[in-house]
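Observations on the model geometry
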Amino acid sequence: TTMMLTIMRHGEALMSAPSETDRVLTARGRETVERMSGLLERAAFGKPDLVLVSPLTRARETARIVAERLAPNAPQEVTELLLPEGDLVAAMTLIAQSHTRAEHLMVVGHDPLLSLLASALLTGREEVVIEPPSKTCPCCGGDLHVIGEDSSKRLDKVPAKVRVIVTRRPKYAC
């Protein structure tokens, strides 16, 4: 069986909060999520019957706004597997295992995980960039600039088979 998957990053959130966990959506973030919900509704992709969401406040707010419009009866399951620095393989496994419970799954979370997830699903490839802890030279205090890079590749076996199915809907006119 196939499953429709909608991946949504949370709306714009306030930068200041008591903790990273408590960051809430800005007014602009809420408005953007409302508009995106309307676009998804008009695109007629169908209504999600299950929503998986990160436990962080901004993601839960986003999921609530979208669900109110698109899928008010869909259960929302909070999972730490969708935290910003979550494990890609664990997130893909969670999605693959959800196919028995949902024909249309919506995932609401954060970057960088969602970008890695989308990249892996669309290209079958994941790219990880490891930045130094600081971009300031420890000797002179000046800015460090990229002068090259080391790159390596590895093949990971993912326990679940995930594939992308492109659905095209041609439009005709006379």
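Figured I'd write up the structure that's included with this text. Chains are numbered independently. Their residues run from 1 in the order of the written sequence. For a predicted model such as this one, the threshold for reporting local features is a pLDDT of at least 70, and the threshold for listing and counting side-chain atom pairs is 80 or more; totals across whole chains, interfaces and linings nevertheless cover every residue. Side-chain calculation: all heavy atoms of the structure are included, whereas hydrogens and water are not.

Secondary structure follows DSSP: runs of H or I at least 4 residues long count as helices, runs of E at least 2 residues long count as strands, and numbering of each begins at the N terminus. Tallying secondary structure elements over the protein chain gives four helices and four strands in all. Start at the N end of the protein chain and walk to the C end: the helices and strands fall as β-α-β-α-β-α-β-α. Three exposure classes are used, based on accessible area relative to the maximum for each residue type with a 1.4 Å probe and protein chains only: buried under 20%, partly exposed in between, and exposed over 50%. Relative to its 174 residues, the protein chain shows a buried fraction of 34%. Here the analysis covers contacts within the protein chain between residues at least 6 apart in sequence; of these, 76% occur between residues at least 24 apart. Residue contacts are counted whenever heavy atoms from the two residues lie within 4.5 Å of one another.

Here we take up the nonpolar core. Ranked by size, the top nonpolar core spans 16 residues in total, and within it Leu 52, Leu 82, Leu 88, Met 92, Leu 105, Val 107 and Leu 117 carry the most contacts. Listed by contribution, the elements that provide at least two residues to this core are β2 (50–53), α3 (88–97), β4 (104–109) and α4 (113–123). Within this scheme, the nonpolar core is defined by two criteria: the residues are buried Ala, Val, Leu, Ile, Met, Phe, Trp, Tyr or Cys, and they are joined through side-chain atoms within 4.5 Å. In terms of nonpolar packing, the next biggest core, distinct from the first, is built from 15 residues, Val 51, Ala 63, Val 66 and Leu 70 among them.

Before going further, it helps to examine empty space enclosed by the protein. Residues are said to line a cavity or pocket when one of their atoms sits within 4 Å of a point; the points come from a 1 Å grid over protein atoms alone, cavities being sets where a 1.4 Å probe fits but cannot get out and pockets being open sets with protein on both sides within 12 Å along at least five of seven lines. Grid points are joined across faces, edges and corners, and a volume is the space filled by probe spheres set on the points. Using the criterion set out here, one finds one cavity of 30 Å³ or more in the structure. In this structure, the largest cavity is lined by Thr 6, Leu 40, Phe 45, Gly 46, Pro 48, Leu 70, His 104 and Met 106. Split by residue class, the lining of the largest cavity holds five nonpolar, three polar and no charged. In this classification, Asp, Glu, Lys and Arg are treated as charged, Ala, Val, Leu, Ile, Met, Phe, Trp, Tyr, Cys and Pro as nonpolar, and every other residue, Gly included, as polar.

Looking now at the environment of Gly 29. Inspection of the secondary structure puts Gly 29 in helix α1 (residues 27–43). On the basis of relative accessible area, Gly 29 is assigned to the buried category, the value being 0%. Residues Gly 29 and Arg 58 lie 29 residues apart in sequence; the distance between their C-alpha atoms is 9.3 Å. If sequence neighbours within four positions are ignored, Gly 29 has contacts with Gly 11 and Glu 12.

A cis amide bond, omega 10 degrees, links Asp 111 with the succeeding residue Pro 112. Along the chain, Pro 112 falls in the loop between β4 and α4. One non-glycine residue, Ala 44, adopts positive backbone phi at about 60 degrees. With respect to the helices and strands, the residue Ala 44 is situated in the loop between α1 and β2. For Ala 44, a relative accessible area of 56% gives the class exposed.

For two strands to pair, DSSP has to find at least two bridges joining them. If you walk across this open sheet you meet the four strands as β1-β4-β2-β3, and the pairing is parallel. Two strands in the sheet have a free side with no partner beyond their single neighbour: β1 (4–9) and β3 (76–78). Going from strand to strand, the sheet's axes swing by 20 degrees on average, the running direction of each strand aside. Here β2 pairs with β4 via four bridges, running parallel. Across the sheet, Val 53 pairs through a bridge with Val 108, a residue of β4. Helix axes use the C-alpha atoms of the stretch in contact, all axes being lines fitted to C-alpha atoms, and the angles between their N-to-C directions lie in the range 0 to 180 degrees. Strands in contact with helix α2 (residues 57–70) are β1, β2, β3 and β4; relative to β4, the strand with the most contacts, it is inclined by about 150 degrees. Across the sheet, α4 touches β1 and β4, and the angle it forms with β1 is around 150 degrees.

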